[in-house]
Amino acid sequence: MGDIKQAGRLRPAPENFLSAEQITAVGSGRRDFLRKSFLAAGAALAAPLAARAADGDPDILNLPPWATSLGLPVATNPYGMPSKYESQLLRRESPGLTRVGGASVSFAPLQGLFGIITPSGLHFERHHQGWHDVDPAKHRLMINGSDPAFLKKPKVYTMDELMRLPSVSRIHFIECGANTGLEWGNVAVPTVQYTHGMLSCSEFTGVPLKLLLEDCGVDYKKARYVLAEGGDGSAMTRTIPMEMVESGEVFVAYGQNGEMLRPENGYPLRLVVPGVQGVSWVKWLRRIEVGDQPYATKDEAIHYIDLQPSGLHRQYTSIQECKSVITTPSGGQTLLSPGFFNVSGLAWSGRGRIKQVDVSFDGGINWKTARLEGPIQNKALTRFNVDWVWDGKPAILQSRAIDETGYVQPTYGQLRKVRGTKSIYHNNAIQSWKIVEGGEVSNVQVL
Ligand SMILES: Nc1nc2c(c(=O)[nH]1)N[C@H]1C(S)=C(S)[C@@H](COP(=O)(O)O)O[C@H]1N2
Ligand SMILES: [Mo]
């Protein structure tokens, strides 16, 4: 095991992050969840489950009033909401991270989510100039060429016109390039919500951009780049290489998890660029231009670049490399007692499918291959699970993902050797969670 750095010791966590107590007390009844999974698995391990039954548990012996009375009528909530007991499972901002909330980020509560789909109301948000609820009847998408030779028939589409066209529905992850950015230099934040919560995964529905460009008479020989432009005040513009569009993977989306996009996620239209960092998934998409060279926009020439140890910057990085994180147990949670736990997490790669995830319980010395929950999809989150019997002694949990190209997620030592410590973006290092004898879980870095 290498050198270990611990959260809070090197740089104190900002005050307003949830304390460990808050996380275990609230976060989706996680404390209860851990207790239940311990008991359920205890049965499989022939642990003394009968002790509770013999004592007599009033919560199973006595009928509650709701079991013997008429419940609420249908459509009491015409649009359904989560149980009041889940009211603490929320996306949260990191106070002080930015000066104004309109140019900020809220993080998805990964510690309380199951499977791979992020409920739309918990999808992370990143706005450069605030969000708007845009009237779809007034929204337009224009497609043009920087030179008439690149695209013969420039067009303007209404939402109704777009929604008549052949559509696709695909599950993809979106990760902000700055996800885990606070951890480049040091351990900075206590929970997985803040280390990895600029990550979400949805089923998106929309029209392949390829189809629209061909409808407008694109000349693929001349037009090798696409510029995507958002309608909000941030003038969000990004270059996308034409090969990505020609592959058929890039689409203009109006649907998210079976309904229209949420306003915060770009309603009524956003670009979906599978595998590519979030900034290219332009929201409130209003214009696509085709050209013969990269556009060198502010959001790719001076932002979203990585300062290297050499003093030079990496530019035009786009693909989110293979990465994974254990979400349960994770920083801020507490294991209630020694015994069985289902260790669960997420893996993803901007280059395709996840091939394997290994989990270590001793800080990277020994590894055990996790179960991948299928179907394993292209450029989507993949849920992994692995059985663990905690002996009550200190442990360090890590996950290491391998994608279908054979790329292996790096350690902090390996990543920093190449990339240094001065970047903000594109940190895909192996995450470590330290567990102490009392069961408290905290964020540490193992080099
Ligand atoms: N028009 C527009 N598109 C945008 C942004 C923006 O501020 N304006 N933010 C970008 C960034 S940096 C990210 S990470 C994603 C976030 O998408 P989400 O808010 O749906 O999670 O949207 C991208 N698209
Ligand atoms: Mo982002």
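Quick caveat, the model's predicted, so the values are computed rather than measured. (Residues numbered from 1 in each chain as written. Chains lettered and ligands numbered in written order. Predicted model: local features only at pLDDT ≥ 70, side-chain atom pairs only at ≥ 80, totals over all residues. Heavy atoms only, no water.)

1. Regarding the site of ligand 1
Near ligand 1 lie 22 residues; those nearest to it are Phe124, Asp232, Asn265, Arg270 and Lys283. At 2.5 Å from an oxygen atom of ligand 1 is found a side-chain nitrogen or oxygen belonging to Lys283. Summarising the interface, the protein chains cover 100% of the accessible area of ligand 1, which totals 530 Å² for the free molecule. The leading source of residues in the shell around ligand 1 is strand 4 (residues 125–127), at 3 residues. Classifying every residue of the shell around ligand 1 by side-chain character gives 9 nonpolar, 7 polar and 6 charged. (Near = heavy atom within 4 Å. Polar contact = N/O pair within 3.5 Å; in protein donor to acceptor, adjacent residues only side chain to side chain. Areas by Shrake-Rupley, 256 points an atom, 1.4 Å probe, with all protein chains shown as cover. Helix = DSSP H or I, 4+ residues; strand = E, 2+ residues; numbered from the N terminus. Nonpolar A, V, L, I, M, F, W, Y, C, P; charged D, E, K, R; others polar.)

2. Structural notes on the sheet that holds strand 22 (residues 382–390)
Read across the sheet, 4 strands follow the order 17-18-22-21 without closing on themselves; strand pairing throughout is antiparallel. Among the strands making up the open sheet, the edge pair consists of strand 17 (323–328) and strand 21 (371–372). Where strand 18 (residues 339–348) meets strand 22, 9 bridges bridge the pair, whose relative direction is antiparallel. Residue pairing for strand 22: Phe341 is matched across the bridge by Trp388. (Pairing = 2+ DSSP bridges.)

3. Comments concerning the sheet that holds strand 3 (residues 104–107)
With respect to topology, 3 strands assemble into an open sheet ordered 2-3-4, the strand pairing being antiparallel. Looking at strand neighbours, the two that pair on one side only are strand 2 (92–93) and strand 4, the edges of this open sheet. Where strand 2 lies against strand 3, 2 bridges are found, and the strand directions are antiparallel. Across the sheet, the residue bridging to Glu93 is Ser106, located in strand 3.

4. A few points about the environment of Ile396
Along the chain, Ile396 turns up in strand 23 (residues 395–403). Considering only alpha carbons, one finds Ile396 and Asp362, 34 residues apart in sequence, at a separation of 5.0 Å.

5. Here's the deal with the pattern of salt bridges
Evaluated as defined, the whole model comprises 20 salt bridges. For Lys222, the salt bridge identified is with Asp219, shortest N-O distance 3.5 Å. Among the residues examined, Lys222 registers a relative accessible area of 42% and is labelled partly exposed. Beyond isolated ion pairs, a larger network of salt bridges with shared partners links Glu229, Arg286, Arg287 and Glu289. (Salt bridge = Lys/Arg side-chain N within 4 Å of Asp/Glu carboxyl O. Buried < 20%, exposed > 50% of the residue type's maximum accessible area, 1.4 Å probe, protein only.)

6. Comments concerning helix 10 (residues 412–419)
Every buried residue of helix 10 is listed here: Tyr412, Leu415, Arg416 and Arg419. Within helix 10, the buried residues cover an arc of 95 degrees as seen down the axis, which keeps them to one side. The exposed set on the far side of helix 10, more than 90 degrees from its buried face, consists of Lys417 and Val418. Along its buried surface, helix 10 packs onto strand 15 (306–307), strand 16 (313–314) and strand 25 (441–446). One or two residues past the end of helix 10 sits Gly420, with phi positive at roughly 70 degrees. (Arc of directions from axis to C-beta. Contact = heavy atoms within 4.5 Å.)

7. A word on the confidence of the model for the protein chain
Summarising the model, the protein chain shows a mean pLDDT of 89, and 88% of its residues fall at 70 or more. The least confident element of the protein chain is helix 1 (residues 20–25), whose mean pLDDT is 34; the most confident is strand 11 (residues 251–256), at 99. Within the model, pLDDT remains below 50 along residues 7–51, and this stretch shows 62 contacts once partners closer than five positions in the same chain are excluded. (pLDDT = per-residue confidence, 0-100.)

8. Details of the packing of aromatic side chains
Counted under the stated rule, the structure contains 7 aromatic pairs. Pairwise contacts between aromatic rings join Phe341, Phe361, Trp388 and Trp390 into one cluster. Sitting over the ring of Tyr304, Arg238 keeps its end group 5.9 Å from the ring centre. Above the face of the Trp367 ring, Arg400 is positioned so that its terminal group lies 4.1 Å from the ring centre. (Phe/Tyr/Trp six-rings, centres within 6.5 Å; stacked < 30°, edge-to-face > 60°. Lys NZ or Arg CZ within 6 Å of the ring centre and 35° of its normal.)

9. Things to note about unusual backbone geometry
Going from Tyr267 to Pro268, the amide bond is cis rather than trans, its omega being 5 degrees. When you line up the elements, Pro268 lands in the loop between strand 12 (259–260) and strand 13 (270–272). In this structure, Pro375 follows Gly374 across a cis peptide bond, with omega equal to -5 degrees. Its place among the elements puts Pro375 in the loop between strand 21 and strand 22. Phi at Thr180 takes a positive value of approximately 70 degrees, unusual for a residue other than glycine. Along the chain, Thr180 falls in the loop between strand 7 (168–175) and helix 6 (192–196). Even without being glycine, Trp284 reaches a positive phi, approximately 50 degrees. As for its placement among the helices and strands, Trp284 is situated in the loop between strand 13 and strand 14 (285–291). Judged by its relative accessible area of 4%, Trp284 falls in the buried class.

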